[in-house]
Amino acid sequence: NAGVMQNPRHLVRRRGQEARLRCSPMKGHSHVYWYRQLPEEGLKFMVYLQKENIIDESGMPKERFSAEFPKEGPSILRIQQVVRGDSAAYFCASSPRDSHSGANVLTFGAGSRLTVL
Amino acid sequence: AQSVTQPDIHITVSEGASLELRCNYSYGATPYLFWYVQSPGQGLQLLLKYFSGDTLVQGIKGFEAEFKRSQSSFNLRKPSVHWSDAAEYFCAVGANRLNGNKLVFGAGTILRVKS
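Residues numbered from 1 in each chain as written. Chains lettered and ligands numbered in written order. Predicted model: local features only at pLDDT ≥ 70, side-chain atom pairs only at ≥ 80, totals over all residues. Heavy atoms only, no water.

## Brief notes about unusual backbone geometry
All names here are of chain A.
Argument step 1. The peptide bond linking Asn7 to Pro8 adopts the cis configuration, its omega dihedral lying at 0 degrees.
Argument step 2. Mapped onto the fold, Pro8 is located in the loop between strand 1 (5–7) and strand 2 (10–13).
Argument step 3. At Glu52, a residue that is not glycine, the phi angle is positive and equals roughly 60 degrees.
Argument step 4. One non-glycine residue, Arg64, lies in the positive phi region at around 75 degrees.
Argument step 5. If you trace the backbone, Arg64 turns up in the loop between strand 6 (53–56) and strand 7 (65–68). (Helix = DSSP H or I, 4+ residues; strand = E, 2+ residues; numbered from the N terminus.)

Structure representation (structure tokens):
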């Protein structure tokens, strides 16, 4: 079991460029969460997705950020026109079932570290 | 809304000494509580979790945590720290919600171990 796979591990972008971060959940997991960790802060929830469906995007900035989890392929977190304040570690987590059946344990990937020059 | 407070930003302990990392949460019902550890440049690894039942939970690597409802706390303990325990530790609270089980994290406590 390969775990939650994120790529790239490190990404450098200049201001105004686009950043695309990818996340493949654990095998058998159909729920994906994205978190952002700013320097010297804890993780902040951004978005929760199931296949082809955004369930909760209450933590997503209103502009420039979007996320998708298509029927086939990894989940993508897209940041358009990046600014220096977007520099952070972006973590993806996955879980095997929905919350109706109880608390789920999230399995985290190793993160993608975005640096905006 | 849920919130988590980890009062100690940094803690330094000697190798072999005992450890307690503090965590206080705010939530209106019985929460689901977690401790994760993050080594430098790595993702988060689950140490232990509390859902219900026995308030003293055992985790991996010799860690344990105790849920105290009256104090809204979920402190992490280890009787004897090893140098490899140096890392950042995050407490998190989750809720059984209809629309997801997202976690709210504390700001973390960085543990340094001196020999």
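Still more to cover.
## Considering the sheet that holds strand 8 (residues 75–79) of chain A
Residues and elements named next belong to chain A.
Argument step 1. Strand order across the open sheet formed by 4 strands is 1-3-8-7, with antiparallel pairing between neighbours. Since the sheet does not close on itself, it has two edges, and those belong to strand 1 and strand 7, each with one partner. In this sheet, neighbouring strand axes are inclined to one another by 15 degrees on average, regardless of whether the strands run parallel or antiparallel.
Argument step 2. One ladder, built from 3 bridges, connects strand 1 with strand 3 (residues 19–24); its direction is antiparallel. If you follow Met5 over to strand 3, its bridge partner there is Ser24. (Pairing = 2+ DSSP bridges. Axes fitted to C-alpha atoms, helices over the stretch in contact; angles between N-to-C directions.)

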